[in-house]
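Notes for the structure review
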Amino acid sequence: MMKNIEGGICAPLGFKAGGVIANIRGKSKTKKDLALIVSDQPCVSVATYTQNKVKGAPLLVTKNHLKNGVAQAIICNSGNANTCNDNGIEIAEGTCQLVADELSLNEEDIIVASTGVIGEKMTLDPFKNHMKELVSSLHDEGSDDAANAIMTTDTVKKEYAVEFDIDGHTCHIGAIAKGSGMIHPNMATMLAFVTSDINISKDLLEPMVREIVDETFNMVSVDGDTSTNDMLVVMCNGMAGNDKIVLKDSAYHQVRDALYSICESLSRGIAKDGEGATKLLTCHVNHARSIKDARIVAKSVITSSLFKSAMFGEDANWGRILCAIGYSDASFDINQVEVSLSSSKGKILVCKEGAGVAFSEDEAAVILHEDEIDIHIDLHDGDHDATAWGCDLTYDYVKINGDYRT
């Protein structure tokens, strides 16, 4: 039985975290902007990265460090993405060395991440000046500080943890993430750090993580922009004491279910906290010819600017849903498509067999007035399902991004 617990990334045994104000961007002296996560033991570690051809220097350094599949710490700053800088690699590697020296670890066992403004100059000074303070902030209840330190335009922290039992051993998975804008399917994990005390082989963990990313984070879109710094990291230190999971047995599926639950919660949280958003949009596609078709249709709908705008206006403009389905690169029979809209206030059918049906605009307005809206699309054409998460498009999105840098 899996249950939600407190503690975030510090819920698993052997993990500590912290966060401090390093004033990295030189504008705020009150917001934490430097986070550190450390395991007592080396961890089996895997990561997935953005598919954007322009990648932040921290991703390149982390990818190199994880060639052996082992890590013991993560350092992350907000406020500066360390992307498109001529000294980016030097800064990322130097940051890892500072952490390694302070913690008496190997530099190659450090994961480094950054988020913030692209193309803004950066120095090692904030890291040098605050490293001792950062290490001193490490605590087994430090997840909250780390979660807040990695936020940029986020309005709420994304922090989750679950607990479950494997053969008499209590196991945990915890996570924090940041993400609010520049989010679009294509390894759209923004930044997500997942910790666990389970004992599992890298050969099983790596494909498991990739599958779950495809089912969750890659089904999230806020604004159609794939970030240069997106990265998901999963670290497992084995301290729960369970027998090492090396087969796809019942223990494997327990871990997979728990990790999926964590990643789904993070995905929903990121979509709901989209820049300027007032509504979480969840698109369910059922009975598609293939899983690929189901995912394509779901993502096409939640990325449609016209549909997102209609949801902000609480307008049941179902034609925009059909339009988004129609221009998607998916196989389907439009004459079989059925669409409904729902929220906590009820559910209403708006399209059947590819054509509109009579419905009450007043009832639809009540349903769409809620802050979580579900779009149900039945293709009546197969056995495959998918879900995507997005948000409405509001005036505030433009306001936030109009002067993000300046």
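Residues numbered from 1 in each chain as written. Predicted model: local features only at pLDDT ≥ 70, side-chain atom pairs only at ≥ 80, totals over all residues. Heavy atoms only, no water.

Considering the overall build of the protein chain
Per the secondary structure count, the protein chain includes 11 helices and 15 strands. Along the first, second and third principal axes, the C-alpha set of the protein chain runs to 70 × 55 × 35 Å. A buried classification covers 54% of the 406 residues belonging to the protein chain. Residue pairs at least 24 apart in sequence account for 81% of intrachain contacts in the protein chain once pairs closer than 6 positions are excluded. Carbon together with sulfur atoms contributes 47% to the accessible area of the protein chain, which is approximately 16,600 Å² in total. When the 36 positive and 59 negative side-chain charges of the protein chain are each reduced to one mean point, those points stand 5 Å apart. (Helix = DSSP H or I, 4+ residues; strand = E, 2+ residues; numbered from the N terminus. Buried < 20%, exposed > 50% of the residue type's maximum accessible area, 1.4 Å probe, protein only. Contact = heavy atoms within 4.5 Å. Areas by Shrake-Rupley, 256 points an atom, 1.4 Å probe, with all protein chains shown as cover. Lys, Arg positive; Asp, Glu negative; His and termini not counted. Charge placed at Lys NZ, Arg CZ, Asp CG, Glu CD.)

What about the environment of Thr-123?
Assignment of secondary structure puts Thr-123 in the loop between strand S5 (110-117) and helix H3 (125-136). Between the C-alpha atom of Thr-123 and that of Asn-82, which follows or precedes it by 41 residues, the distance is 9.6 Å. Engagement of the side chain of Thr-123 in a polar contact is seen with the backbone nitrogen of Asp-125, the distance being 3.2 Å. (Polar contact = N/O pair within 3.5 Å; in protein donor to acceptor, adjacent residues only side chain to side chain.)

Details of the pattern of salt bridges
Within this structure, the stated rule accounts for 18 salt bridges. Linked by salt bridges that have partners in common, Asp-144, Lys-157 and Glu-159 make up one network. (Salt bridge = Lys/Arg side-chain N within 4 Å of Asp/Glu carboxyl O.)

Points about the sheet that holds strand S14 (residues 372-378)
Whether parallel or antiparallel, the strands of a sheet pair through hydrogen bonds between backbone atoms. Reading across the sheet, the 6 strands line up as S13-S12-S11-S14-S10-S15 and stay open at both edges, with mixed pairing between neighbours. Bordering the open sheet on either side are strand S13 (355-356) and strand S15 (384-391), each of which pairs with just one other strand. By the bridge criterion, 7 bridges tie strand S10 (residues 280-288) to S15 in an arrangement that is antiparallel. Looking at the pairing, Leu-280 lines up with Cys-391 of S15. Across the sheet, helix H7 (residues 291-302) is in contact with S10, S14 and S15; its angle to S15 comes to roughly 20°. (Pairing = 2+ DSSP bridges. Axes fitted to C-alpha atoms, helices over the stretch in contact; angles between N-to-C directions.)

As for the packing of aromatic side chains
Evaluated as defined, the whole model comprises 1 aromatic pair. Their ring planes at 90° and their centres at 5.1 Å tell us that Phe-312 and Tyr-395 sit as a pair that is edge-to-face. Taken as a pair, Phe-312 in helix H8 (residues 305-312) and Tyr-395 in helix H11 (residues 395-402) lie far apart in primary sequence, 83 residues in all. On the accessibility criterion, Tyr-395 (62% relative accessible area) is exposed. (Phe/Tyr/Trp six-rings, centres within 6.5 Å; stacked < 30°, edge-to-face > 60°.)

Overview of the environment of Val-162
Within the fold, Val-162 resides in strand S6 (residues 158-166). Residue class for Val-162 comes out buried when judged on its relative accessible area of 1%. Along the primary structure Val-162 and Ser-196 are separated by 34 residues, whereas in three dimensions their C-alpha atoms are 9.7 Å apart. Setting aside residues no more than four positions away along its own chain, Val-162 makes contact with Met-2, Lys-3, Asn-4, Ile-5, Cys-171, His-172, Ile-173, Ala-258, Ser-261 and Ile-262.

Observations concerning a negative patch on the surface
Where like charges cluster on the molecular surface, the negative patch consists of Asp-165, Asp-167, Asp-243 and Asp-249. Counting through the fold element by element, Asp-167 comes out in the loop between S6 and strand S7 (169-178). A relative accessible area of 66% means that Asp-167 is categorised as exposed. (Patch = residues over 30% accessible without salt bridge, like charges linked within 9 Å, V, L, I, M, F, W, Y side chains within 5 Å.)

Description of the packing of helix H5 (residues 202-215) against helix H6 (residues 250-272)
Axis angle and axis distance: for two packed helices, these are the angle between their axes and the distance between the axes, and together they describe the pair. In contact at an axis separation of 10 Å, H5 and H6 are set at 40° when each is read in the N-to-C sense. Here H5 and H6 pass one another in a crossing that is right-handed. Between H5 and H6, the contacting residues are Leu-204, Met-208, Val-209, Glu-211, Ile-212 and Glu-215 on the first element and Tyr-252, Val-255, Arg-256, Leu-259, Tyr-260 and Cys-263 on the second. For the contact of H5 with H6, the residue count by class is 9 nonpolar, no polar and 3 charged. (Left-handed = near helix turned anticlockwise from the far one by under 90°. Nonpolar A, V, L, I, M, F, W, Y, C, P; charged D, E, K, R; others polar.)

As far as function goes, none of this settles anything; it's purely spatial.
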